[in-house]
Amino acid sequence: MVTVDPDALSHVLDAVELRVGVARRIPLAAGGLLPIPAGPTTLVYLASGSVQGHPPLGDGCRLGVDPDSRRLTLEPRERRDRLVAGDAFLTLGRTAFVLEADRDTTLMVVDLEFADATSPLPALLPPFLTVTGFDALEPAAAALAENMGLVDPAASPARQGDPVICRMMAKTVLMSVIRAWAANGCAPAGWPSLSNDPFLDRVVDAIHQEPGRDWTVERLAAIGAMSRSTFAERFRVAVGRSPADYVTKVRIDAAKRLLDAGRSVSDVSRELGYASDEGFSRAFRRRTGVTPSSWRSAARTPALV
């Protein structure tokens, strides 16, 4: 069984930021079909019944869980053509397929959109991620998933705060699916590596550990034991953005969490290495579309339900 570094897993979960998480509760009669199109990232939880995929859902990682002893068995080569109640899966939308219900089935389907279109998270995950026995591995998240989504959204009036609450619920379930998949031996050896390069991984870790440090390309190249020019090119090819842009991304992600926790704009600005609150506010707004103070206010305003 592959063991995942807990700190590395924490970094991956920290990267989960959703802009949209819209849940639908879909009942299917026996023989009913549910198309899952290519393109969108989609999370599915089977609340009841069972389904098969057309084409087959591919090679998955079956996690056998004994509900009484909670003993876990791993069958990494299991062919996952059939999923049953309590199973969950995530598709990154690279392939279209259809789910066919074996009997009366209820599915919770969440359409996901990452807050950052260039988020590295999809690059760290397989195209199709299956967690069998999700309800036994993550009972709290499974209970949340089972109660998400309306059967007929058009017939139910929207309430204030619904989009925010749904996004938070979807994020919780998504993080739990990724954790269950990774922490229980389904992740491949070496996961998660953003770059598949141990020298660049060392640089990425340093940025995450000290986002407020005055990172220059020279300092980062020294950590990666490379020349400035070689490092900049290898980083851009492997990560998909420049070192400076990646540092900014990590800082803004950290700023969101600190502001959500109630920290003042000035405190966050200083902690993340900005020379002034104005410079921090400009950088934050370029990335998020709102000012840090607006973000902080929204996080502290309770939703009305």
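What counts, and where the lines are drawn
- Residues numbered from 1 in each chain as written.
- Predicted model: local features only at pLDDT ≥ 70, side-chain atom pairs only at ≥ 80, totals over all residues.
- Heavy atoms only, no water.
- Pairing = 2+ DSSP bridges.
- Helix = DSSP H or I, 4+ residues; strand = E, 2+ residues; numbered from the N terminus.
- Axes fitted to C-alpha atoms, helices over the stretch in contact; angles between N-to-C directions.
- Contact = heavy atoms within 4.5 Å.
- Core = buried A, V, L, I, M, F, W, Y, C linked by side-chain atoms within 4.5 Å.
- Buried < 20%, exposed > 50% of the residue type's maximum accessible area, 1.4 Å probe, protein only.
- Arc of directions from axis to C-beta.
- Expected span 1.5 Å × (residues − 1).
- pLDDT = per-residue confidence, 0-100.
- Salt bridge = Lys/Arg side-chain N within 4 Å of Asp/Glu carboxyl O.

Novice: Break down the sheet that holds strand β11 (residues 128-131) for me, citing the residues and quoting the values.
Specialist: Read from one edge to the other, the open sheet built from 5 strands follows the order β1-β10-β3-β8-β11, with strand pairing classed as antiparallel. One side of each edge strand has no neighbouring strand; the edge strands of this open sheet are β1 (18-28) and β11. Each strand axis lies, on average, 15 degrees off the axis of its neighbour in the sheet, ignoring direction. In this structure, β1 lies alongside strand β10 (residues 105-114), joined through 10 bridges in antiparallel fashion. Opposite R25, over in β10, you have M108 as the bridge partner. Its contacts with the sheet place helix α4 (residues 139-146) against β1, β3 (41-48) and β10, and it is angled at close to 95 degrees to β3.

Novice: An account of the nonpolar core is needed here, citing residue identities and associated values.
Specialist: The nonpolar side chains of a soluble globular protein tend to be buried, and buried together. Within the largest apolar cluster, 40 residues are counted, with the highest numbers of intra-cluster contacts made by L125, F134, L174, I178, W181 and W191. Among the elements that line this core, the one with the most residues is helix α5 (residues 162-183), at 9 residues.

Novice: Provide a residue-level description of unusual backbone geometry, including the pertinent values.
Specialist: Its identity as a non-glycine residue notwithstanding, A225 has a phi of 55 degrees, on the positive side. Counting through the fold element by element, A225 comes out in the loop between α7 (217-223) and α8 (228-239).

Novice: So what's going on with the side chain of T41? Residues and values would help.
Specialist: As for its placement among the helices and strands, T41 is situated in strand β3. In contact with T41, other than residues within four places in its own chain, are L90, T91, L92, V110, D111, L112 and F114.

Novice: Which residues make up the sheet that holds strand β4 (residues 50-54), and what values do they have?
Specialist: Paired through their backbone hydrogen bonds, the strands of a sheet run either parallel or antiparallel. The strand order β2-β9-β4-β7 describes an open sheet built from 4 strands, whose pairing is antiparallel. In this open sheet, the two strands that pair with only one neighbour each are β2 (33-36) and β7 (82-84). Going across the sheet, the axis of each strand differs from the next one's by a mean of 25 degrees, ignoring polarity. Here β2 pairs with strand β9 (residues 97-101) via 4 bridges, running antiparallel. Within β9, the position partnered with I36 by the bridge is F97.

Novice: Which residues make up α4, and what values go with them?
Specialist: Three or more residues of α4 are buried, namely A141, A142 and A145. Viewed end-on, α4 has its buried residues packed into an arc of 100 degrees, placing them on one side of the element.

Novice: Any chance you could break down helix α6 (residues 198-209) for me, citing the residues and the numbers?
Specialist: Taking 1.5 Å per residue, 12 residues should reach 16 Å; α6 reaches 16 Å between its end C-alpha atoms and fits that length. Looking at α6, one finds that the buried residues are L200, D201, V203, V204, A206 and I207. Buried residues along α6 sit in contact with α7, α8 and α9 (243-260).

Novice: Could you give an account of the pairing of β4, naming the residues involved and the relevant values?
Specialist: Alignment of β4 against β7, held across 3 bridges, turns out to be antiparallel. Bridge pairing in β7 links S50 to V84. With 4 bridges joining them, β4 and β9 adopt antiparallel strand pairing. When the bridges of β9 are listed, Q52 appears paired with E100.

Novice: Could you give an account of the confidence of the model for the chain, naming the residues involved and the relevant values?
Specialist: On average, residues of the chain carry a pLDDT of 81, and 80% of them reach 70 or more. Scored below 50 in pLDDT, residues 69-74 shows 22 contacts in the model against residues more than four places distant or in partner chains.

Novice: Would you mind going over the pattern of salt bridges in detail, with residue names and values included?
Specialist: A complete count under the given rule lists 13 salt bridges for this structure. Between R213 and E210 there is a salt bridge; the shortest N-O distance is 3.9 Å. Look at R213 and you get partly exposed, because its relative accessible area is 36%. E210 sits in the partly exposed class, given a relative accessible area of 42%. Here R287 ties to D245 by a salt bridge, and the two come within 2.1 Å at their closest N and O atoms. Placement of R287 in helix α11 (residues 277-288) and of D245 in helix α9 is noted, with a sequence separation of 42 residues between them. Judged by relative accessible area, which is 27%, D245 ranks as partly exposed.

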